[in-house]
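Observations on the model geometry
Here is how the chains run, residue by residue.
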Amino acid sequence: MKITVIFYSAYGHIYRLATAIAEGVAEVKGAEPVLLRVPETLPAAVLEQAGIAAAQKAFAQIPVATLDDLEKADAIIFGTPTRLGNMCAQMRAFLDSTGPLWSKGALVGKAGSVFTSSATQHGGQESTILSFHTTLLHQGMVVVGLPYAFAGQMGITEITGCSPYGASTITGGQGERMPSENELAGARYQAAYASRIALKLKE
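Cut-offs applied
Residues numbered from 1 in each chain as written. Predicted model: local features only at pLDDT ≥ 70, side-chain atom pairs only at ≥ 80, totals over all residues. Heavy atoms only, no water. 1 Å grid on protein atoms, 1.4 Å probe; cavity = no way out; pocket = protein on both sides within 12 Å on 5 of 7 lines; lining within 4 Å. Points joined across faces, edges and corners; volume = space filled by probe spheres on them. Helix = DSSP H or I, 4+ residues; strand = E, 2+ residues; numbered from the N terminus. Nonpolar A, V, L, I, M, F, W, Y, C, P; charged D, E, K, R; others polar. Core = buried A, V, L, I, M, F, W, Y, C linked by side-chain atoms within 4.5 Å. Buried < 20%, exposed > 50% of the residue type's maximum accessible area, 1.4 Å probe, protein only. Contact = heavy atoms within 4.5 Å. Phe/Tyr/Trp six-rings, centres within 6.5 Å; stacked < 30°, edge-to-face > 60°.

Considerations on the layout of surface pockets
- Empty space within the largest pocket amounts to approximately 250 Å³.
- Examining the composition of the lining of the largest pocket, we find that three residues originate from one element, strand β3 (residues 75–83), more than from any other.
- Taken together, the residues of the lining of the largest pocket sort by class into five nonpolar, 11 polar and one charged.
- Its volume calculated, the second largest pocket comes out at about 190 Å³.
- In terms of lining residues, the second largest pocket is bounded by 14 residues, among which Gln-121, Gln-125, Glu-126, Cys-162 and Ser-163 are the most central.
- Those elements giving two or more residues to the lining of the second largest pocket turn out to be α7 (125–138) and β7 (168–170).
- Among the elements that line the lining of the second largest pocket, the one with the most residues is α7, at four residues.

A few points about the nonpolar core
- In terms of nonpolar packing, the biggest core is built from 30 residues, with Ile-3, Phe-7, Ile-21, Leu-35, Ile-77 and Phe-115 touching the most fellow members.
- Among the elements that make up this core, the one with the highest residue count is helix α1 (residues 13–26) (seven residues).
- Residues within four places of Ile-21 in sequence aside, it is in contact with Val-5, Ile-77, Phe-115, Ala-187 and Ala-191.
- Core analysis: the second largest hydrophobic core is formed by 26 residues, Tyr-8, Ala-73, Phe-78 and Met-87 among them.

Examining the packing of aromatic side chains
- Applying the stated rule across the entire model yields five aromatic pairs.
- Taken together, the aromatic side chains of Phe-7, Tyr-15 and Phe-59 make up a single cluster linked through ring pairs.

Regarding empty space enclosed by the protein
- Under the criterion given, the structure shown has one cavity of 30 Å³ or more.
- Reported here for the largest cavity is a volume of approximately 50 Å³.
- As for the largest cavity, its lining consists of Leu-70, Phe-78, Leu-95, Thr-98, Leu-107, Thr-135, Leu-136, Gln-139 and Met-141.
- Class assignment of the residues belonging to the lining of the largest cavity gives a composition of six nonpolar, three polar and no charged.

Laid out in structure tokens, this is it:
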């Protein structure tokens, strides 16, 4: 069973969570992670000026996702940074291209899950995931979150992302903070949970 992890990352935070998601998928017997990235839409000059081009070299080897990849997937876990309380434009553009899949119900019945990041603790992580769920529901997917069985999201002894809607990380205003061990554990838990649900849906 192929569990496809599709992400967009500008500075590497979402990519780090995506690798943890892939690790969580691999923990489930019979589940195989497939790591993909969505196409970049920013002009090269902007990518260079913002330092994104340099950061993206770390995962430039990850293949770019196609609609065919979505159709072949048994479940899909999406990763996007938060942009003003919503998904990034790159992910939105990719999802907006999935009309042909919607028209033939290609994603109906597949498990779908989302993880994200934001600069601050209250920077829109929950609204990003919840608004993303709308697209999954229009595609007929089975939405999977991060249950409170992952106790790490209830801790108050450290700054941390993660909510019942999905794993997340806090990057800091300058992108100086990478995902913590607790946030990475949340990503792995969510991935394993979604993978087990996907296996059940295939039975």
